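Examining the three-dimensional arrangement
Listed below are the residues making up each chain.
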Number of protein chains: 2
Amino acid sequence: MELHSRTDAYIGRYAARAAGMVPSEIRALFAVADRPEVVSLAGGMPYVSALPLDRIGEMIGELVARNGAQVLQYASAQGDPVLREQICEVMELEGIRANPDDVVVTVGAQQALDLVTKIFVDPGDVVLAEAPSYVGALGTFAAYQAEVVHVPLDDGGLIPAALRETLERLRRDGRRVKFLYTVPTFQNPAGVTLTAPRRAQILEICAEYDVLVLEDNPYGLLGFDGEPMRALRAYDSERVIYLGSFSKTIASGLRVGWALAPHSVRAKLVLAAESAVLCHANLSQLAVREYLATQPWREQIKDFRVMYRERRDAMLDALETLMPKGCTWTRPSGGFFVWLTVPEGLDTKAMAPRAIAERVAYVPGTGFYSNGDGRRHMRLSYCYPEPHRIREGVRRLAGVVEEEIRLRDTFGGVRRDDRAPGGVDTPGPGLV
Amino acid sequence: MELHSRTDAYIGRYAARAAGMVPSEIRALFAVADRPEVVSLAGGMPYVSALPLDRIGEMIGELVARNGAQVLQYASAQGDPVLREQICEVMELEGIRANPDDVVVTVGAQQALDLVTKIFVDPGDVVLAEAPSYVGALGTFAAYQAEVVHVPLDDGGLIPAALRETLERLRRDGRRVKFLYTVPTFQNPAGVTLTAPRRAQILEICAEYDVLVLEDNPYGLLGFDGEPMRALRAYDSERVIYLGSFSKTIASGLRVGWALAPHSVRAKLVLAAESAVLCHANLSQLAVREYLATQPWREQIKDFRVMYRERRDAMLDALETLMPKGCTWTRPSGGFFVWLTVPEGLDTKAMAPRAIAERVAYVPGTGFYSNGDGRRHMRLSYCYPEPHRIREGVRRLAGVVEEEIRLRDTFGGVRRDDRAPGGVDTPGPGLV
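The model shown is predicted, which means the values in this text are computed figures rather than measured ones.

The subject of this paragraph is the overall build of chain A. When you go through chain A residue by residue, the secondary structure sums to 13 helices and 14 strands. Taken over C-alpha atoms, the radius of gyration comes to 22 Å for chain A, in line with the 22 Å a tight globule of 432 residues would show. Expressed along its principal axes, the backbone C-alpha trace of chain A runs to roughly 65 × 60 × 55 Å. Here chain A, with 432 residues, has 65% of them falling under the buried criterion. Within chain A, contacts between residues separated by at least 24 positions form 77% of all contacts whose residues are at least 6 apart in sequence. Across chain A, the 50 positively charged side chains and the 55 negatively charged ones have centroids separated by 2 Å.

Right, dumping it as structure tokens:
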């Protein structure tokens, strides 16, 4: 074979799992959308500028100067022991009682997702996920050749009856379900939260069908009203593998997340982590440890909550005032995202380039499904832009949707991109 | 299934690839070996205390204070663009001409290894590796269910005739070889370097049999004599995927490595990286970028070379003076490791607990083979302990070997642990 002669001369050499690793057209679009004149309601980036950067800089600088021989050295694959104790304290806020030895520190919760999938999923195994579900998880499941089966949610989160029905059908078909992947609290992308009664029901159903639960909870402490909810893991320590992250409560650029797993699963995760990256950066781990030990992190999270609530309010108000009739949307009580549904006959994916031209960006709903669904939905994020920009973004978006409705009414339906979905529409790290 | 009732209640649930993920007995041993009274000739940790920690602390602190909104935010999955340019400049020192767009920044070169294996290797595919080979790579290959076929090396590195013979045999057997994995320069664990004439020959043979080459080169700039050698990648930009790392030239605790790959392969690697970790920590990436831009890194590498050469000398001198007859070892001209062979009838794995009892640690040779070989070998590292400790460590080790020889001569052979090798003997991050 002549390596120099073809577009991708390596194509016959890749592993089967690489077949799904193709960039989506969405990605190209977002490269254009990253301009200052565009209001991005697409990104999932926390607003880290709200942090006291001077103080954190000083803290990290002193940490390196004082303890550089450790900070700049390899760490254990499981993660710093003191940090794992602190992580257990953080999880207590959601009713979780855990042993630090059952925690693995990871390169963001994304790596925890990857490692859990790696140790559990054989090609063709079924993974259940909400419809819609987190785009980054769908990408990971695709990389391990899982078959994702979606289970619908509503304003109260995952629907227990739908879960039971799906499990029953899969059992009849003789399919092996490895786990249920769920973001129960302030869901990405739908912004909805699993109610407390449903939490118990979901766990009962999973016990009945002997399915593990992978609970992904990056936003749990970012609720706008009252106390944090009890995590699923607080109900069941043996069936639930819990994923947490400091990306939204401290800073995404440190890439510190974790998995809390039953002991024997934890042992496998550490070996998988070691084979994947040896260990996470001690600089990141010890920066988080120092931050939790010396900075008023609870107050900082309160400040984040106030800030994100204000932005959520700006978005909901603007949607209420400006969006044309026929649009509906969720009303999140925490987290970063609103899920918008456009009228019948509109296509958010086909509409995206027009929105960019009108200087507003969102993530089309198709990114959050493994099966090509989602064309009538879009994810709007309010985490990063300031309130006046959010209002301006919604104003532009409303104009685009109105124009699409006019086109539909004139020409009887918007031109669709009818290509079969090729892989997962992963939009890139800042956009998940 | 009752989740609470068994030792590993999850055992029937894991993916097939998790079967090889079992901790080795070596690991338990090293947990004990981590005491101050033990001289560790086992670790592969760079001596980061030699860095100007105050200055680096100040640099990172200012970076966060000045540019925190970027440092603490998500990065691109491919890695910081300026850092990728700097990486190309670093690679120029080894004769590599590369485009920054063909570089992917990874969580240490270990992640690059993982991603390359992920996109290329299906279960049962053959990967060629030196005998012995880097333990962390063997762990990764095992995690993707590759079959590792070892190819012998000698003082001049991988033996071309042996490579050809192996490829010919595999071709006859109809086996698919995905790539040759090699650490050509200051090899881990053998300490040997592939000669320049052999570099050309190895690449010719790989072209003839149409096999990709995965060149892992963390130690290339840490040679003790003369200029750096030309990397394999400098000979062939289409067949060679190159892995580099700042773990040994700057600091392991930042976990910044990279892959340089042909363009279409690079595109797959970025998608695989995104699905694995979203992106690497910007804190680490920008710390390296700032270090390369503002600190005298070339001079620092020179200082490292002088320091490691002194330690290498201390080890070779002590081995020459103290080791009993019948032992042989390699004489590295760079890097971190000496490969020691003990007399017939001794078993370095069985001997390891006795060595620990005598307060000296090494890595038994079995860790560096996928097939259970290596019982007459051990890896000795001189990177971390100071010269007087190295001498003391070798003195203790010589005593242990002498005692083993006496036992063999008295009882006609040392008791061996005859268990079949279970997975790879991964000793942990600080020991690779």
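What follows continues from the structure just given.
The next thing to look at is the UniProt feature "domain: Aminotransferase class I/classII large" (unreviewed entry) in chain A. Under the local residue numbering, the UniProt record ascribes the feature "domain: Aminotransferase class I/classII large" (unreviewed entry) to residues 65-396 of chain A. Taken end to end, residues 65-396 of chain A has its terminal C-alpha atoms 49 Å apart, with 44% of it in helix and 18% in strand.

So, on to the packing of helix α4 (residues 108-120) of chain A against helix α5 (residues 135-143) of chain A. All names here are of chain A. At their nearest, the axes of α4 and α5 sit 10 Å apart, and the two run at 30 degrees to each other. Classified by the interaxial angle, the pair formed by α4 and α5 is roughly parallel. Relative to α5, α4 is oriented so that their crossing is right-handed. The segment α4 lies against α5, with Q110, L113, D114 and T117 engaging G136, A137, T140 and F141. Of the residues assigned to the contact of α4 with α5, the class counts are three nonpolar, four polar and one charged.

With that settled, the discussion passes to the side chain of Q300(B). By the element assignment, Q300(B) lies in helix α11 (residues 297-322). When residues no more than four places from it in sequence are discounted, the contact partners of Q300(B) are A50(B), L51(B), P52(B) and Y291(B).

With that out of the way, let us pick up the interface of chain B and chain A. Chain B puts 93 residues into the contact, and the matching count from chain A is 93 residues. Interface area, chain B with chain A, both sides summed: about 7,800 Å², of which 59% is carbon and sulfur. By the criterion of area lost to chain A, the three top residues of chain B are R13(B), L72(B) and Y74(B), representing 10% of everything that side buries. A salt bridge links D210(A) to R13(B), with the shortest nitrogen-to-oxygen separation between them at 2.5 Å. In this assembly, chain B and chain A are joined by 51 residue pairs in polar contact (both at pLDDT 80 or more). Residue assignment for the side of chain B that touches chain A shows that the elements contributing at least two residues are α2 (53-71), α4 (108-120), α5 (135-143), α8 (247-251), α9 (263-277) and α10 (282-294) of chain B. The leading source of residues in the side of chain B that touches chain A is α2(B), at 11 residues. The residue inventory of the side of chain B that touches chain A, partitioned by class, reads 50 nonpolar, 26 polar and 17 charged.

It is worth spelling out the pairing of strand β7 (residues 212-216) of chain A at this point. Residues and elements named next belong to chain A. Here β7 lies mainly inside the structure; five of its five residues are buried. Neither face of β7 is open: one carries L212, L214 and D216, the other V213 and E215, and all of them are buried. As judged from the four bridges shared by strand β6 (residues 177-182) and β7, these two strands associate in the parallel manner. Bridge pairing links T182 to E215 in β7.

For the rest of this paragraph, the subject is the side chain of D102(A). All names here are of chain A. In this structure, D102 sits in the loop between α3 (81-92) and β2 (103-107). No salt bridge is formed by the buried D102, whose closest oppositely charged neighbour, R266, lies at an N-O distance of 4.9 Å. Side-chain polar atoms of D102 contact the side chain of H263, separated by 2.7 Å. Not counting residues within four places of it along the chain, the set of residues in contact with D102 comprises A259, L260, A261, H263 and R266.

A separate point is the environment of R35(A). If you trace the backbone, R35(A) turns up in the loop between α1 (25-33) and β1 (39-40). Distance in space between the C-alpha atoms of R35(A) and R359(A) is 8.9 Å, their sequence separation being 324 residues.

Before going further, it helps to spend a moment on the relation of the copies chain B and chain A. It takes a turn of 180 degrees to lay chain B on chain A, together with a shift of 0.0 Å along the axis; the resulting RMSD is 0.0 Å. Interpreted geometrically, this transformation is the action of a two-fold axis. Taking C-alpha positions as the reference, the residue of chain B nearest the rotation axis is G61(B), at 2.0 Å. The share of interface residues of chain B whose copies in chain A are also at the interface is 100%, consistent with both copies meeting through the same surface.

Bringing α5(A) into the picture now. The element α5(A) is extensively covered by neighbouring structure, given that eight of its nine residues are classed as buried. Every buried residue belonging to α5(A) is among V135(A), G136(A), A137(A), L138(A), G139(A), T140(A), F141(A) and A143(A), and all of these are buried. Contacts made by the buried residues of α5(A) are with α4, β3 (126-131), β4 (147-154) and β6 of chain A together with α4 and α9 of chain B. Positive phi shows up at Q145(A), right after α5(A), with a value of about 60 degrees.

Attention now goes to the sheet that holds strand β14 (residues 377-381) of chain A. Two orientations exist for strands paired in a sheet by backbone hydrogen bonds: parallel and antiparallel. Residue and element names in this part refer to chain A. Strand order in the open sheet formed by four strands is β10-β11-β14-β13, with antiparallel pairing between adjacent strands. At either margin of the open sheet sits one strand with a lone partner, and together these are β10 (328-329) and β13 (363-364). Where β10 meets strand β11 (residues 337-341), two bridges bridge the pair, whose relative direction is antiparallel. Residue pairing in the sheet places T328 in a bridge with T341 of β11.

Reading the values: rules and limits
- Residues numbered from 1 in each chain as written.
- Chains lettered and ligands numbered in written order.
- Predicted model: local features only at pLDDT ≥ 70, side-chain atom pairs only at ≥ 80, totals over all residues.
- Heavy atoms only, no water.
- Helix = DSSP H or I, 4+ residues; strand = E, 2+ residues; numbered from the N terminus.
- Rg over C-alpha atoms; globule rule 2.2 N^0.38 Å.
- Buried < 20%, exposed > 50% of the residue type's maximum accessible area, 1.4 Å probe, protein only.
- Contact = heavy atoms within 4.5 Å.
- Lys, Arg positive; Asp, Glu negative; His and termini not counted.
- Charge placed at Lys NZ, Arg CZ, Asp CG, Glu CD.
- UniProt positions renumbered as here; feature names shortened; annotations may be inferred.
- Axes fitted to C-alpha atoms, helices over the stretch in contact; angles between N-to-C directions.
- Parallel < 35°, antiparallel > 145°, perpendicular 65-115°, else oblique.
- Left-handed = near helix turned anticlockwise from the far one by under 90°.
- Nonpolar A, V, L, I, M, F, W, Y, C, P; charged D, E, K, R; others polar.
- Buried area = accessible area lost by both parts, 1.4 Å probe.
- Salt bridge = Lys/Arg side-chain N within 4 Å of Asp/Glu carboxyl O.
- Polar contact = N/O pair within 3.5 Å; in protein donor to acceptor, adjacent residues only side chain to side chain.
- Pairing = 2+ DSSP bridges.
- Least-squares fit on C-alpha atoms with pLDDT ≥ 70 in both.

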